[in-house]
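Reading the structure
What follows is each chain in one-letter form.
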Amino acid sequence: MKRAFITICAAIVATLLAQCTTFPQKSWQVGDIYEVNGVKGVVFAVTNDGKHGRVISFEETNANYDDAVAWAQSLGEGWRLPNYDEVKIINRRVHEINEQLYLLNQEQIYFSFLRNYWFGGAPDNDYFVMYVGNSRIVMSEILEPDTVWYASFGSDELAPEYTNKSDTEFARAVYEF
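The paragraphs below set out a description of the structure included in this document. As the structure is a computational prediction, the values presented were derived from the model and not from experiment. (Residues numbered from 1 in each chain as written. Predicted model: local features only at pLDDT ≥ 70, side-chain atom pairs only at ≥ 80, totals over all residues. Heavy atoms only, no water.)

**As for helix α3 (residues 84-103)**
The end-to-end C-alpha distance of α3 is 27 Å, a good match for the 28 Å that 20 residues give at a rise of 1.5 Å each. Most pronounced at R93, the bend in α3 amounts to some 70°. For α3, the set of buried residues is Y84, E86, V87, I89, I90, N91, V94, I97, N98, Q100 and L101. Backbone geometry just after α3 places N105 at a positive phi near 60°. (Helix = DSSP H or I, 4+ residues; strand = E, 2+ residues; numbered from the N terminus. Expected span 1.5 Å × (residues − 1). Bend = angle between axes of the 7 residues up to and from the residue. Buried < 20%, exposed > 50% of the residue type's maximum accessible area, 1.4 Å probe, protein only.)

**Looking at helix α2 (residues 65-74)**
In an α-helix, one full turn covers 3.6 residues, which means residues spaced three or four apart are oriented alike. Within α2 the residues assigned to the buried category are Y65, A68, W71 and A72. The buried residues of α2 occupy an angular sector of 115° when the element is viewed end-on, so they sit on one face. Along α2, the residues that are exposed and aim more than 90 degrees away from the buried face are Q73 and S74. Residues of α2 that are buried make contact with β3 (53-57), β4 (61-63), β5 (117-119) and β9 (169-171). (Arc of directions from axis to C-beta. Contact = heavy atoms within 4.5 Å.)

The following block contains the structure:
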């Protein structure tokens, strides 16, 4: 009798714990502040169901390309420079991103030829690299060693320009959740 009572109590406790620890997953929207398991940023893209997406970092750095890549990776597992498709999304959503950065007293993404941003391309492809400043987004092709394409925020006009990887530019990191 005592054993049956303990078994029933254990089953009830297990059921209650399962109900208490099963929370509905948050549905994310562009512009939300994402703070989960130490990852912090502004959501700039989400899946149709809002369960998954990408965030851009609150912080930015000013460094050459290789140091910018290392900085992004130093933020933790999964952080990296944005790729070309993400640059296009960030460009379309920059006002929503900057609104949240402003409310959090964080540095906003700057749109001017006076400040350019490094961006990375496809994984393990060092020559598909861009940085973003004012008004253009550029696809790249293979260039001379240590030379990379750059692009500027603000327009859909494609106008390829390139620079040396040793130049110092700004960088933001992205994370996929």
